[in-house]
Amino acid sequence: MLRYLVRRLAWLVVTLLVITAIIFVIYFVLPPVSPAVLFAGKEATPQIVATVQRELGLDHPVWVQYLLFLRHLVLGDQFGWPGLGFSFVNHAPVRSLIAGRIVITAVLAAGAAIIWLALGLTIGVISAVKQRTLWDRISLGFVIFFISAPVFWLGLVLLWVFWYKLGIAAGTGYFPPGQYGVLTWLNHMIMPWLTLALLYAGWYARMTRGAVLDTLRQDYVRTARAKGLREARILIRHVLRACITPVLTMFGMDLAALVSGTVIVEVVFNLNGLGQWVVQSVSSDDIPSVLAVTVLAALAVMVANLIVDILYAYIDPRIRYE
Amino acid sequence: MSLPATLEPVIPEQSGQPIQGRTQWQQIGRAFRSDKPAMTALWIIVLLVAAALCAPLVAGLTGHGPNELFPGQLSSQLGLPTGPSSRFLFGIDAGGRDVFVRCVYGLRTSLTVSLLAAAIATAFGVTVGLAAGYFGGWLDTLISRGADIFLALPVVLFAISISSVCSISARGCLAGTVQPGVGLVVAILALFTWPYIARLVRGQTLALRQQEFVNAARGFGAPHLTVMFVEILPNLTAQVIVYLTLIIPSNILFESALSFLGVGVPQTTPSLGRMIADATNGNLFTYAWWLMLFPGVLLLLVTFSFNILGDGLRDAIGGGT
């Protein structure tokens, strides 16, 4: 296990370097104007541009600029750790602007992930056990429908039906539980969670169904049946356990997509998290903010991937010795 | 002792028709044609593509351009958009534009962007995947790890980054090679989908590399490129096509999502995603339901059809991904 951990951590460092390099290229090499002009915002004075020029080390060669960018990120800058720069549009360090928003995005992503795993696994297992019945067909239809639906449109339709027409769900916006009570908070989070979860639940239902069907054909399941074990016990102890690994693999791979999904859902449901912030920052040309959120999201996905991989190696010993 | 006559072999000619082997593609075709949902989906796609191709014709028939304003059609008291009528099939939007004509043009944008991006991603992914699987070694490590990293990036944020940085001036990025607009969206989509194709092709090539026909071709002195593209590639076509039917709808969804967020195709290009974004302006859609319903249903219809088609193809080909 220790060897696996060391190798996995080494790979994490490599990916971090590659990803920060990609982001650096996007923001420092690609743009048609000087990064200083880009970062200083629309109403920048020549003095501000000169300051940014100095802070980003733009009068040095490109590789020094990259090292400086990395140094700020890893060791922090004058505004604290991690160094995410200064938003000239908002006249404040980016770090302080996004600190409170991270919680909202994390709450949205975590809640949606729990619902989507629960929903996907349940539907997948039931439709595998009841293969070729009406239930199986309905759930397959459900799967393809939600895989195909545009997530922003789905959110708007849910809003229109449950909030505007039926009036049984709360509208948009984020209402912190500390201020408005847990119920109000929950009421406003249910639809965003569901929207984001439905986007992925379909894929998981489909994959779980396939995995359960495969496992049900295994010899050890036949042995378990021959021993006279109850079907429910076989399903939970023998079949589901074997199906957890592929689900976990897919979950690790989908974390990046989850971040993408939260951006859209936050915009649709007017939740003031990182995703909504990044979209607002694009329209106000607040490039340091866009950069900061991109870096943070990419790093968060990397770290989450690491956790999934370690969990994976813990559950499935074969992984450790590969 | 003589054998009873009944054991004599049946001669094929006696049955009237000579027996012919079916090629792989004929078998796939037969299996696919008997799949009703998949065939229906295929026809819907053909119809939608035809409609998209005929977009200028639709505009000509209705006499309404995609960006033409009909302010006289807005309701007289509040200037609100009006719903579907015989003249405006899908109603008009807040600016007084024909939603039906814009939907058809939006569909054209969706299909153009997603097909172009899929073509570029396939060309690149197949080449890179073949090379990785065929040559192995450090090239394989480099390509596979590169693909892994690309797959772990939060695409929407990178797309937002690239398009916000490259749209800062009309000159675009990389000395004008990446212009803001449709080309940029295509480039972003291709950039983030090639790893899927490359991974699939690499895996299959790895298995095929060991087969006799590859050794035979090498033994005859065929150069590497010939073996890769003439011997191995034809065996992968079916699976790549299945994958394409999954990538195209996901490209369509992605383009619409980017346009919804305002970082997709430019304002002047009609896009289904942007039409839905416009409908959310001041919660307009709660009153003018047609602004959200028609573009959304159209998007759903396209992606749904492609997904059903992909499922059907996968079943017909067997195994697959």
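Here the structure is a predicted model, which is why all the values come from computation and not from measurement. (Residues numbered from 1 in each chain as written. Chains lettered and ligands numbered in written order. Predicted model: local features only at pLDDT ≥ 70, side-chain atom pairs only at ≥ 80, totals over all residues.)

## Digging into the overall build of chain B
Here is step 1: When its secondary structure is counted, chain B shows eleven helices and zero strands.
Here is step 2: Written out in order from the N terminus, the α and β elements of chain B read α-α-α-α-α-α-α-α-α-α-α.
Here is step 3: Across the 321 residues of chain B, 45% fall into the buried class. (Helix = DSSP H or I, 4+ residues; strand = E, 2+ residues; numbered from the N terminus. Buried ≥ 20, exposed ≤ 12 C-beta atoms within 10 Å, placed from the backbone.)

## Topic: the overall build of chain A
Here is step 1: If you tally the helices and strands in chain A, you get 13 helices and two strands.
Here is step 2: Taken over the C-alpha atoms alone, chain A extends approximately 80 × 55 × 35 Å along its principal axes.
Here is step 3: Long-range contacts, defined here as pairs at least 24 residues apart, represent 66% of the contacts in chain A between residues at least 6 apart. (Contact = placed C-beta atoms within 7 Å.)

## Regarding the packing of helix α7 (residues 182-208) of chain B against helix α9 (residues 224-261) of chain B
Residue and element names in this part refer to chain B.
Here is step 1: Following both chains from N to C, one finds α7 and α9 inclined at 155°, their axes separated by 10 Å at the closest point. With respect to α9, the axis of α7 lies roughly antiparallel. Along this stretch, α7 crosses α9, giving a crossing that reads as right-handed. Contact residues: V185, L189, T193, Y196, I197, L200, V201, Q204, T205 and L208 in α7; I232, N235, L236, Q239, V240, Y243, I247, N251, F254, E255 and L258 in α9.
Here is step 2: Taken together, the residues that form the contact of α7 with α9 break down as 14 nonpolar, six polar and one charged. (Axes fitted to C-alpha atoms, helices over the stretch in contact; angles between N-to-C directions. Parallel < 35°, antiparallel > 145°, perpendicular 65-115°, else oblique. Left-handed = near helix turned anticlockwise from the far one by under 90°. Nonpolar A, V, L, I, M, F, W, Y, C, P; charged D, E, K, R; others polar.)

## Digging into the interface of chain A and chain B
Here is step 1: On the side of chain B, 41 residues touch chain A, which itself brings 42 residues to the contact.
Here is step 2: Where the side of chain A that touches chain B is concerned, the elements lending two or more residues are α1 (2-29), α6 (134-148), α7 (151-165), α11 (231-268), α12 (274-283) and α13 (287-315) of chain A.
Here is step 3: Among the elements that take part in the side of chain A that touches chain B, α13 of chain A stands out by supplying nine residues, more than any other.
Here is step 4: Taken together, the residues that form the side of chain A that touches chain B break down as 36 nonpolar, six polar and no charged.

## Comments concerning the nonpolar core
Here is step 1: Of all hydrophobic cores here, the largest spans 175 residues; its most connected members are A197, V278 and V293 of chain A together with A257 and I276 of chain B.
Here is step 2: With 18 residues, helix α4 (residues 99-135) of chain B is the largest single contributor of residues to this core.
Here is step 3: Those residues within four positions of A257 of chain B in sequence are excluded, and the remaining contacts are P150, V151, F152 and I264 of chain A together with V156 and G273 of chain B. (Core = buried A, V, L, I, M, F, W, Y, C linked by C-beta atoms within 7 Å.)

## Overview of unusual backbone geometry
All names here are of chain A.
Here is step 1: For R132, which is not a glycine, the phi torsion comes out positive at approximately 65°.
Here is step 2: Mapped onto the elements of the fold, R132 is located in the loop between α5 (94-129) and α6.
Here is step 3: Taking the number of C-beta atoms within 10 Å as the measure of exposure, R132 has 8 and is therefore exposed.
Here is step 4: One non-glycine residue, N270, lies in the positive phi region at around 55°.
Here is step 5: The topology assignment puts N270 in the loop between α11 and α12.

## Topic: the packing of α1 of chain A against helix α4 (residues 62-75) of chain A
All names here are of chain A.
Here is step 1: Following both chains from N to C, one finds α1 and α4 inclined at 120°, their axes separated by 11 Å at the closest point. For the element pair α1 / α4, the angle class is oblique. Crossing angle aside, the handedness with which α1 passes α4 is right-handed. Between α1 and α4, the contacting residues are T20, A21, F24, F28 and V29 on the first element and V62, Q65, Y66, F69, L70 and L73 on the second.
Here is step 2: Of the residues that constitute the contact of α1 with α4, the class distribution is nine nonpolar, two polar and no charged.

## Quick notes on the confidence of the model for chain B
As a note on interpretation, predicted positions should not be read in detail where pLDDT is low.
Residues and elements named next belong to chain B.
Here is step 1: Residues with a pLDDT of 70 or more make up 88% of chain B, whose mean pLDDT is 84.
Here is step 2: Here helix α3 (residues 55-62) is the element of chain B with the lowest mean pLDDT, 80, and α4 is the one with the highest, 93.
Here is step 3: Predicted as a complex, the structure gets a pTM of 0.87 and an ipTM equal to 0.86. (pLDDT = per-residue confidence, 0-100.)

## Some thoughts on the environment of R30 of chain B
Here is step 1: Along the chain, the position of R30 of chain B falls in helix α1 (residues 24-33).
Here is step 2: For the pair R30 of chain B and A316 of chain B, spaced 286 residues apart in sequence, the C-alpha separation works out to 8.2 Å.

## Concerning α7 of chain A
Here is step 1: Here α7 of chain A contains 15 residues, and its C-alpha end-to-end distance of 20 Å stays within 8% of the 21 Å for a straight helix at 1.5 Å per residue.
Here is step 2: For α7 of chain A, the full list of buried residues reads V151, F152, W153, L154, G155, L156, V157 and L159 of chain A.
Here is step 3: Taken together, the buried residues of α7 of chain A touch α9 (182-216) and α11 of chain A together with α9, α10 (272-280) and α11 (290-317) of chain B.
Here is step 4: One or two positions beyond α7 of chain A, positive phi appears at G167 of chain A, with a value near 65°. (Expected span 1.5 Å × (residues − 1).)

## So, the environment of A313 of chain A
Residue and element names in this part refer to chain A.
Here is step 1: Within the fold, A313 resides in helix α13.
Here is step 2: A313 sits in the partly exposed class, given 18 other C-beta atoms within 10 Å.
Here is step 3: In this structure, the C-alpha to C-alpha distance between A313 and M1, residues 312 residues apart in sequence, is 7.8 Å.

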